[in-house]
Amino acid sequence: MAKTLHETPSVTKGRDVTATQTKTPESPKELREMSSGRGAAGDRIFSGAALAAGVLILVALVAVAVFLVVQALPAFVAPQSQIANGQGFWPYIFPLVVGTVIAAAIALLIATPISIGVALFISHYAPRRLAQILGYVIDLLAAIPSVIFGAWGISFLAPALVPGYTWLSNALGWIPIFAGPPSATGKTLLTASIVLAVMVIPIITSVCREIFLQTPKLHEEAALALGATRWEMIRMTVLPFARPGIISAVMLGLGRALGETMAVALVLSSGPLIASLIRSGNQTIAAEIALNFPEASGLSLNTLIAAGLVLFLFTLAVNILARWVISRHKEFSGAN
Amino acid sequence: MTAIATSGRRSALTRNRLPRYAPWASLAVGLIVGAALSTLVGFSLFGWGLFAAIVYTLVYVSWSGAVEGGRKARDKLATSLVIGAFIIVVLPLFSVIWTVLEGGIKGFLTPGFLNTSMNGVSGIQDNMSVNTGGRVLGGIYHAIIGTLLITLWATVISVPIGLLTSIYLVEYGEGRRLARAITLFVDVMTGIPSIVAGLFAAALFATIFGPGTETGFVASIALTVLMIPVVVRSSEEMLRIVPNELREAAYALGVRKWRTILMVVIPTAISGIASGITLAIARVIGETAPILLTAGFATKINFNVFSDWMASLPTYIYFQILNPASPSNPGPSIQRAWGAALVLIIFVMVLNLVARLVARIFAPKTGR
């Protein structure tokens, strides 16, 4: 009993002693419990179970890595002429990685400024009552399943963007990323990126909003008292305070955008890697896996799992980078 | 900040300020010029809105810059941009909801949609219903059953593990290396792409039971990998805000630690924990990719998660859109897909509302 108390850091040393000294049981029931060994066993069992659950999580993550590696191994060791129609693994995976990165990068390029704007609107511009409702709506939208965004992208957004793509290829066709002829269905990488952006906006927004709201009120009031306009106040107090939080929110969105499958699988009419964003073509890792997995078997299955392993390592690197950024700015921020 | 400018007379304090009608005047100019500009390039409501917003911002900000000076103008520009960002976000999100409602209501109201499966429904029936105008056959009963069972199993597995882990982190692990490692790994797990979780479950069962093992339970394992970190994070947060005084009071009465946790700490935090778990369920119920890789493609009703393929609402939507039952007449399949999307959105919304209500109703009464 005393030992467990000592382990509880919240109990200060002085109080600890009094606690052990004054443990006079109030009721007969508690007396019985304290004198018998049953309670002690309960303590051991309970802490053991909690520990076991924690260790199980470690084991699970290691298992994820191990099983992916084991199942992916044949794709690395087999003769490269048998993989992906004789392409070999690395030439097969490279365009997919590039496509994934491009799609996620465009999505974040669109989503980040908009999300910060919306988060600022909710935290510092909108009337309080409206802000509460809006925060709730944003949370709700973050919960909409990705397959529904994909279905919306293919049935509404892609056809709606076709005139825009035609205009882009006419006006800006000399830039390689807008080179024509544009896709007639609108099922392009740019459409997929826009759908991804719509999907990650609620995520980035809700994290940013939380952090903006944590800005010390005194800082804001001090800025206003010195005569700052609202925008100057935000620039001088809110944004510096929230910078690491914004970075981690964006990284969270990046992780989501990199691994997002359904939206891309449904929206993009895939093909080989090309520079133009408004022609059908390009592909991402996750969508490639989803589209080919049901029919895959044997070595092609191993190849897809190897592609998944690459995606896993990629998102892992992004996440660790995000953690590192946050831990560097931990003292003065709302990110922790 | 605008409170100073309340008096009608122009005092020294209000000298270099825009008149109060300035935003409305700018908006009127924006709407008119925007209409003209959008007619030039081919009128559309979207183009009108876009041009009007740009012209409004230009007029308002430059007017402010001329009268009030650069700082105020920059402030107004920021305000316009922030509000603009908000409008840009609202549009697609409402469009998503509207598309689902518009497309889904017809399929949803078709008799038999909710209580029949796709067993025996093929392109022949779809072609017939298009040609004769009869009602669209086939429904989502099997997919609803699959979604509920797969999610139920995932919840049954991940809630105890997640809750116990968060208890370990908060009550036992304080400052230990293992606890830090678990926190790090949970963070890493949060970032696992859902399709990788599906690949993991598929690879795990393929290694143990041979390749091609695709059942509802494999999908549950995949969802568990996604759900555990969410449960751990939200429960941990809730357990941490339980005041230490409560624990100390229990210890002072001689209550053992495990009973303190079970009888004092968890009841205090239960509303937050329950709402966190509900949100975690809402997150995994819409996951498509892991189920796609692990549960196969079923058209029949299957109540057994341990054998045979299983359908689910998200994969149902996916397959109906990507592989319509009748490639020449995809209409009925699209209608079914939107109906299923509507049902799925209703599930998610209800779970979110329940989470909110649980958090509010069962919140512990604080004396403050």
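Residues numbered from 1 in each chain as written. Chains lettered and ligands numbered in written order. Predicted model: local features only at pLDDT ≥ 70, side-chain atom pairs only at ≥ 80, totals over all residues. Heavy atoms only, no water.

A closer look at the overall build of chain B
Reasoning step 1: Of the regular secondary structure elements, chain B holds 13 helices and zero strands.
Reasoning step 2: For chain B, the sequential pattern of α-helices and β-strands runs α-α-α-α-α-α-α-α-α-α-α-α-α.
Reasoning step 3: Whereas a compact globule of 368 residues would reach a radius of gyration of roughly 21 Å, chain B reaches 28 Å, over 25% beyond that.
Reasoning step 4: Along the first, second and third principal axes, the C-alpha atoms of chain B reach 80 × 80 × 35 Å.
Reasoning step 5: Buried residues in chain B amount to 52% of all 368 residues.
Reasoning step 6: Long-range contacts, defined as pairs at least 24 residues apart, comprise 74% of the intrachain contacts of chain B with a sequence gap of at least 6.
Reasoning step 7: About 17200 Å² of surface is accessible on chain B, with carbon and sulfur atoms providing 69% of the total.
Reasoning step 8: Here chain B carries 27 positive and 14 negative side-chain charges, and the mean point of each set is 11 Å from the other. (Helix = DSSP H or I, 4+ residues; strand = E, 2+ residues; numbered from the N terminus. Rg over C-alpha atoms; globule rule 2.2 N^0.38 Å. Buried < 20%, exposed > 50% of the residue type's maximum accessible area, 1.4 Å probe, protein only. Contact = heavy atoms within 4.5 Å. Areas by Shrake-Rupley, 256 points an atom, 1.4 Å probe, with all protein chains shown as cover. Lys, Arg positive; Asp, Glu negative; His and termini not counted. Charge placed at Lys NZ, Arg CZ, Asp CG, Glu CD.)

Some remarks on the interface of chain A and chain B
Often, the extent of an interface is quoted as the loss of accessible area upon association of its parts.
Reasoning step 1: If you look at the interface, chain A gives 90 residues, while chain B gives 84 residues.
Reasoning step 2: Here Arg-71 of chain B and Glu-232 of chain A are joined by a salt bridge, their closest N and O atoms 2.8 Å apart.
Reasoning step 3: In this assembly, chain A and chain B are joined by eight residue pairs in polar contact (both at pLDDT 80 or more).
Reasoning step 4: For the side of chain A that touches chain B, the element with the most residues is helix 4 (residues 38–77) of chain A, which contributes 23 residues. (Salt bridge = Lys/Arg side-chain N within 4 Å of Asp/Glu carboxyl O. Polar contact = N/O pair within 3.5 Å; in protein donor to acceptor, adjacent residues only side chain to side chain.)

A short note on the side chain of Asn-302 of chain B
All names here are of chain B.
Reasoning step 1: Tracing the sequence through the fold places Asn-302 in the loop between helix 11 (289–294) and helix 12 (313–322).
Reasoning step 2: The class of Asn-302 is buried, set by a relative accessible area of 12%.
Reasoning step 3: Separated by 2.8 Å, the side chain of Asn-302 and the backbone nitrogen of Asn-304 make a polar contact.
Reasoning step 4: There is a polar contact of 2.9 Å between the side chain of Asn-302 and the backbone oxygen of Trp-309.

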